Amino acid sequence: MVDILCLGEPLLEFNEQQPGQYVRSIGGDVSNVAVAVARQGGQAGMLTRMGQDSFAEEILQLWEREGIDTSRIIRDEEAPTGIYFISHGPSGHVFDYRRAGSASSRFRPCDLKKEHFEGVQILHLSGISLALSDSACEASLRAIELAKENGVKISFDTNLRLKLWSLSRAKALIQHVGSLADFVLPGLDDARQLTSLENPQTIVDEYLKMGVEVVALTLGEQGVLLATQDGMREQIPGIPVKLVDATAAGDCFDGGFLTEWLRTKDLLRAVRYGNAAASLSVQHFGAVASLPSREKTESSLRNE
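It should be emphasised that the depicted structure is a prediction, and the values quoted were computed from it without experimental measurement. (Residues numbered from 1 in each chain as written. Predicted model: local features only at pLDDT ≥ 70, side-chain atom pairs only at ≥ 80, totals over all residues. Heavy atoms only, no water.)

Draft legend 1. Local environment of the packing of aromatic side chains. Within the structure shown, the criterion is met by six aromatic pairs. Judged by centre distance (5.4 Å) and plane angle (25 degrees), the rings of F14 and F85 are stacked. Remark: F85 occurs in strand β7 (residues 83-89) and F14 occurs in strand β2 (residues 11-18); sequence separation between them is 71 residues. When its relative accessible area of 17% is taken as the criterion, F14 is described as buried. Pairing F183 with W261 gives two aromatic rings, centres 5.0 Å apart and planes at 70 degrees, and the pair type is edge-to-face. (Phe/Tyr/Trp six-rings, centres within 6.5 Å; stacked < 30°, edge-to-face > 60°. Helix = DSSP H or I, 4+ residues; strand = E, 2+ residues; numbered from the N terminus. Buried < 20%, exposed > 50% of the residue type's maximum accessible area, 1.4 Å probe, protein only.)

Draft legend 2. Up close: helix α4 (residues 134-149). Given a rise of 1.5 Å per residue, 16 residues ought to cover 22 Å, and the 23 Å separating the end C-alpha atoms of α4 matches this to within 8%. Within the span of α4, buried status applies to A136, C137, A139, S140, A143, I144, L146 and A147. Looking at the buried side of α4, the elements it contacts are β1 (4-7), β9 (122-126), α3 (127-131), β10 (153-157) and α5 (167-180). Two residues or fewer past α4, G151 is found with a positive phi of approximately 75 degrees. (Expected span 1.5 Å × (residues − 1). Contact = heavy atoms within 4.5 Å.)

Draft legend 3. Up close: the sheet that holds β7. The mixed open sheet is built from four strands, whose spatial order is β3-β2-β7-β8. Every other strand in the sheet has two partners, leaving β3 (21-27) and β8 (92-98) as the edge strands with one partner each. Strand-to-strand twist across the sheet, computed as the mean angle between neighbouring axes with direction ignored, equals 25 degrees. Here β7 runs beside β8; their pairing, made up of seven bridges, is antiparallel. Bridge pairing in β8 links I83 to R98. Of the strands in this sheet, β2, β3 and β7 touch helix α2 (residues 54-66), which is tilted by about 65 degrees from β3. (Pairing = 2+ DSSP bridges. Axes fitted to C-alpha atoms, helices over the stretch in contact; angles between N-to-C directions.)

Draft legend 4. Focus on the sheet that holds strand β13 (residues 224-228). If you walk across this open sheet you meet the eight strands as β4-β1-β9-β10-β11-β12-β13-β14, and the pairing is mixed. Two strands lie at the open edges of the sheet, namely β4 (44-47) and β14 (233-236), each paired on one side alone. The pairing of strand β11 (residues 183-184) with strand β12 (residues 214-218) spans two bridges and is classified as parallel. Within β12, the position partnered with F183 by the bridge is V214. Along the sheet, helix α1 (residues 29-39) makes contact with β1, β4 and β9, crossing β4 at roughly 160 degrees.

Draft legend 5. Region of the structure containing the pattern of salt bridges. A full pass over the atoms with the stated rule returns 20 salt bridges. Where E9 meets R99, a salt bridge forms, and the shortest distance between an N and an O atom there is 2.6 Å. Here E9 is found in the loop between β1 and β2, whereas its partner R99 is found in the loop between β8 and β9, with 90 residues between them in sequence. Looking at E9, the relative accessible area reads 2%, which means it is buried. Judged by relative accessible area, which is 8%, R99 ranks as buried. (Salt bridge = Lys/Arg side-chain N within 4 Å of Asp/Glu carboxyl O.)

Draft legend 6. Spotlight on the nonpolar core. Core analysis: the largest hydrophobic core is formed by 47 residues, its most contacted members being F117 and L123. It is α4 that contributes the most residues to this core, seven residues altogether. With residues up to four places along the chain from it excluded, the contact list for F117 reads L5, L47, L112, L123, A143, L146, A147, N150 and V152. Counting 45 residues, the second-largest nonpolar core is a separate cluster that includes A36, V37, A56 and I236. (Core = buried A, V, L, I, M, F, W, Y, C linked by side-chain atoms within 4.5 Å.)

Geometric values such as these leave the question of function open.
What follows is the structure, given as structure tokens:
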């Protein structure tokens, strides 16, 4: 049984914590979400295409330790698993990727089966899932179609990476997928580029016009703006913390929010919960290492 199925690319991560000193870990936005879901007590699964190399084995071992379902993984004997590097500077963290021709970029619609979506409650994917390649984009769209046929809700994080595609193509495809999604979870910087709007209130209005049921716009230190089709609108304030590394903070929010929504069906509770989880994650380096447990997240909520 999988509550939240995450579709997209896992990567090996090298995070520079001191000049020239990198800590090796595992990343990739939807993989981070799957780990976040598992640590918050949800049942997560991954749907992706991976290589047969040692990097892929390392990633699979992590997922197995975290209790993430790997039965939907397609292995590729010819293509490698992607890697990326994170450096830190005055303007925040910078990503450099080595993923051209990766196994995940070779993901195809024919890799998908209707059975992949049976028993799933939410399919989660991101803008990166769409941007990897034309075939990965087509596979993502086909996954949404199959998920909807099975009554699965769609969660979408816009997660804009302009190193992967042009802004014009990103706008068109992200708007299309956003119109199909039940939950859209954009960050403010991405949303401003994708909508050409500045004001958070106007941005969530734009997503609601697309037909999205729930928009949770993350605002960094300012918290999260929640808006729904039935008129709910509330800004949940940020939690003051010392920022160490914002890597995977949005993914952490997504995993916490979706898990708590499935558990309680209370949107405000779910947003507060995801907000608390993300505030814990930014106090530590790395993607996976920074993702908190349910116990730590609930403790943070109690101490607000």
